[in-house]
Amino acid sequence: MTSPSPAAVKAEDFRSETKPDWCPSCGNFGVLNAVEKACAALGLANKDVLCVSGIGCSSNLPGFLKAYGLHGIHGRALPLATGAKLANPALTVIAVGGDGDGYGIGMGHFIHAMRRNLNLTYLVMNNEIYGLTTGQASPTTMKGTMTKSTPEGCIENPINPIALALAAGASFVARAFCGDIAHMASLVTQAIEHKGFSLVDCLSPCVTFNKVNTYPWFRQRVYKLEDSGHDASNFSAAMTRAMESPGRFPIGVFYRSSGIRAYEDLDSTLSRGTTPAAAKLSLSGKASEAIKESFR
Amino acid sequence: MSGIAEAGTKAASFRLWIGGAAGDGIAAAGQSYIKACARSGLQVYAYNSYESVIRGGHVLFMAEAGTQKPCLQSSSCDILIALNQETIDREGPRAGKGVLFNSDRLRVDSSRLQSGARALGLPCGQLAQNPLMQNSAALGAAAFLAGLDMDVLAELLRETFKKKTTAVIEGNILAARAGHGYAVAHFGDSAVPVSGDGKRRMVLSGNEAMAFGAVAAGCKFFSAYPMTPASSIMHWLAPRAAAYSMVFKQTEDEIAAINMAIGASVAGVRAMTATSGGGFALMTEGLGLSGMIEAPLVVVEVQRGGPSTGLPTRSEQGDLFQILGASQGDYPKIILAPTGVEDAFYTMGEAFNLAERFQLPVVVLSDLILAEHRETVDDLNAALPIDRGVWAQNSGSGQDGFKRYAVTSNGVSPRAAPGQAGFIHVAASDEHDEEGRLISDVHPDPAMRKAMMDKRMRKLDSAAEALRPEVLEGPADADLTLVSWGSSCGAARHVMRCLNEGRKTRVNFLPIRNLHPFRSEEVLAILKRAKRVMAIEENYTAQLCRLIRMETGFDIVRRWLKYDGDPFDPEASVRRAEEALHD
Ligand SMILES: Cc1ncc(C[n+]2csc(CCOP(=O)(O)OP(=O)(O)O)c2C)c(N)n1
Ligand code: SF4
Ligand SMILES: [Mg+2]
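Read on for an overview of the structure. Because the structure is predicted, anything quoted here is derived from the model rather than measured.

All names here are of chain A. At 2.1 to 2.2 Å from the magnesium ion (ligand 3) lie its protein donor atoms, namely Asp99 (OD), Asn127 (OD1) and Ile129 (O). Each donor residue of the magnesium ion (ligand 3) lies on the same chain, and together they follow the pattern D-x27-N-x1-I. Linking Asp99 in helix H3 (residues 99-105) with Asn127 in the loop between strand E4 (121-126) and helix H5 (161-168), this pair joins segments that are 28 residues apart in sequence. With a relative accessible area of 1%, Asp99 lands in the buried category.

Encoded structure:
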């Protein structure tokens, strides 16, 4: 597939005519912006990008990106993206969604997608709340936080997506903050470039239903891993950094492994260079005769 | 009928049962035996009744081979090969000619056998070098009793054990020849020789036919989570997928299975998943997604006994209403239920074409007996017609503005897949406009919503016409019309065959292959002409009868229902039909 040269592609080329329906200053604008920038930086062709989501405010993102989109059902962005990527590995498949979508209802798929290490990029817009359903506790809601569904404060421990991803074998694990779009765009670019599963947990404030984890709240707590001497090839160092939240939120690349082979390099069909989407459908006479003979 | 052969004459059929514990190698022995029959020009129907344990449960392999294809498993046998004492005690009295057993280890009390049946002891220690080869010795003896050519069996044993050492292969063949020789010398009176027509046939199960059908239909993506009795589709496809440019993915659950298949479909390939009732329950939300975003999809549902975990290794047809009602809202879907093994193959070809022509989910509804029993098939035409439906052609001008969900007269809109230039769009599960933009919350548009519903649902009108017509089998006029679906069609065909013997026209049969959309006028016309109607199905609430009443207003009051987990008994089914003829 021929791609235009990076210099020729601008971020605006990935902006759809459909205007986002998010609340003004919702963190998700930043993520959309970063995705447009990353696709442009990589010189991708719009037609070769497929953006897949689940359901939630954040999951509406594919509708605002000028690329093929699949707006799926709640929690199923990753299996949908997996199927598309396996059928046509030439596509750049970016799965997006919320913390409820990915770390709640879709948690099973999340873990398995990471251990599978298919070449997918997964961006989770983590606002520590269920936005679309107007403010219930999410799996990343901090203990003690009062929400519509936790009127006396959340009594469960939050999920630590970074630590979980590391434990599940994700080969690229990063966190970004919507308050720094250039940094986020660079992380999304690296994530897309990484051959294997890549997670970017995007701290993306919900300005309407989360009055605790606000832009200023995050800004006081984030710091950049690359400025603090972190070695992203060191798994235990990554785990140590991952355990700092919720007090501090390191942003940047926690871990990047080049040693784990991507699923498509191991799958018996794809490793032969087969693209199912381009394969001939009907069986040759010889092949069907061989199958029939095996039944005789 | 079968098994009654005058000395020197040929019988119409030979019924062999092999019983023992799970893990005794019965499936492999049975497979070699039926293949030998199929290669010898006989028609075969075989059913392996097993329990869901790897070792220890009782297994009974029931095969009937003859000049005419049997429609279902027999309720008794000519010869029983008993591999353990329990089989002798449980099944021995149902053998008409004799019980073959290892006389070194087991005992048969002749007084407990039918008159005319013999205890056919094989001194396996003498015949086989190794106790593991006793099945082959017994098979050799059975081959003689059925009148099969020992060389055909030897060839099959060579194939069955091809991955083993030469010593194992030759040992098994020697054991089979020794068993054969021993039978020639000692069991001549018990032989029930049948002779075939010389045609070398295929023998395959419903699941194998479906898996082969999917490959022949150009399915390039198969995702599934293991669940009996659907798993053998996976077992057949997994090692072969790469050779047919298909990706097979075992998933973390059935929700992932259906969603991966939908993702693959959106990327432009023919995609399928397969499961049983419990797994299908988890897939329901995905089925609706396929309907909403108009992503073609084939879902195979192989029913087993329910509810809940139910009867994992027993058959039932209790999921029809689950499929009919699956997923929220009104959306178009097609449900097809193949009526036999050969039909299962061709139905898969049809399912993929319908899915793509009408851009909707097609559920192919099977059941454990259809899936697992094996029967001979003369031939299959694997050059299946492939119709991929309408696709957006030529590069569109801009990047936006492609009407993926264009309102058309038949409701089908040209589709496009990622990678195609000029047709960028979002396939959205929220209600959307022609371009795929959401009209759900922020920009409600009741007129467009209605247009989209109408367009999607309209596809069913053309789909109903595109379905294969339902056809009455047997005489046009009969005293009793049977109605059935899925594997229960076997019982109906058996009843029709028995009651019409001697060119009588007492019974005809309407198999219902298309469950949704329902070809109501066609079915009603047939039912109205019928003198008496009786339905045969394997469930408690007569689900097909309920569907027929819902779709046509016709109430089938005579019902032969079964839900105890066992297949229909041939004789009891005939008796029930006799009653219906006289009620
Ligand atoms: C199966 C199912 N259950 C529940 C819902 C309702 N629902 C829609 S979005 C959502 C949670 C959204 O939270 P999150 O994924 O964090 O996205 P956000 O809106 O915060 O971006 C829920 C519970 C649904 N659409 N489908
Ligand atoms: S509700 Fe929250 S997450 Fe949703 S759009 Fe508004 S600010 Fe963003
Ligand atoms: Mg959220």
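More follows now that the structure is in view.
Take the sheet that holds strand E14 (residues 374-377) of chain B next. Residues and elements named next belong to chain B. With mixed pairing, the 8 strands of this open sheet are ordered in space as E6-E5-E4-E1-E3-E2-E14-E7. Across the chains shown, the open sheet's two edge strands, defined by having one partner strand only, are strand E6 (118-122) and strand E7 (202-205). Across this sheet, the average inter-strand angle for adjacent strands is 20 degrees, counted without regard to direction.

All names here are of chain B. The buried count for strand E3 (residues 58-66) comes to 9 of 9 residues, which makes it a mostly enclosed element. Burial along E3 is two-sided: His58, Leu60, Met62, Glu64 and Gly66 facing one way and Val59, Phe61, Ala63 and Ala65 facing the other are all buried. As judged from the 9 bridges shared by strand E1 (residues 13-21) and E3, these two strands associate in the antiparallel manner. Bridge pairing links Gly19 to Leu60 in E3. Relative to E3, strand E2 (residues 43-49) runs antiparallel, the two being bridged by 7 bridges. Each bridged residue has a counterpart across the sheet, and for Val44 the counterpart in E3 is Ala65.

The local shell around ligand 1 holds 17 residues, among which Cys57, Ser58, Asp99, Gly100 and Asp101 of chain A are the closest. Close to ligand 1, residues of chains A and B are found. Separating an oxygen atom of ligand 1 from a side-chain N or O atom of Ser58 of chain A is a distance of 2.6 Å. In this structure, Gly100 of chain A approaches ligand 1 through a main-chain N or O atom, which is 2.8 Å from an oxygen atom.

On to the packing of helix H7 (residues 206-216) of chain B against helix H12 (residues 341-358) of chain B, then. Residues and elements named next belong to chain B. For the pair H7 and H12, the least separation of the axes is 8 Å and the interaxial angle reads 30 degrees. Judged by the inter-axis angle, H7 sits roughly parallel to H12. As H7 packs across H12, the resulting crossing turns out to be right-handed. Only Val341, Ala344, Phe345, Met348 and Phe352 of H12 make contact with H7, whose side of the interface consists of Gly206, Ala209, Met210, Phe212, Gly213, Ala214 and Ala216. Looking at the contact of H7 with H12, its residues break down into 10 nonpolar, 2 polar and no charged.

About the cut-offs
- Residues numbered from 1 in each chain as written.
- Chains lettered and ligands numbered in written order.
- Predicted model: local features only at pLDDT ≥ 70, side-chain atom pairs only at ≥ 80, totals over all residues.
- Heavy atoms only, no water.
- Donors = N, O, S within 2.8 Å, 3.2 Å for Na, K, Ca; no water.
- Helix = DSSP H or I, 4+ residues; strand = E, 2+ residues; numbered from the N terminus.
- Buried < 20%, exposed > 50% of the residue type's maximum accessible area, 1.4 Å probe, protein only.
- Pairing = 2+ DSSP bridges.
- Axes fitted to C-alpha atoms, helices over the stretch in contact; angles between N-to-C directions.
- Near = heavy atom within 4 Å.
- Polar contact = N/O pair within 3.5 Å; in protein donor to acceptor, adjacent residues only side chain to side chain.
- Parallel < 35°, antiparallel > 145°, perpendicular 65-115°, else oblique.
- Left-handed = near helix turned anticlockwise from the far one by under 90°.
- Contact = heavy atoms within 4.5 Å.
- Nonpolar A, V, L, I, M, F, W, Y, C, P; charged D, E, K, R; others polar.

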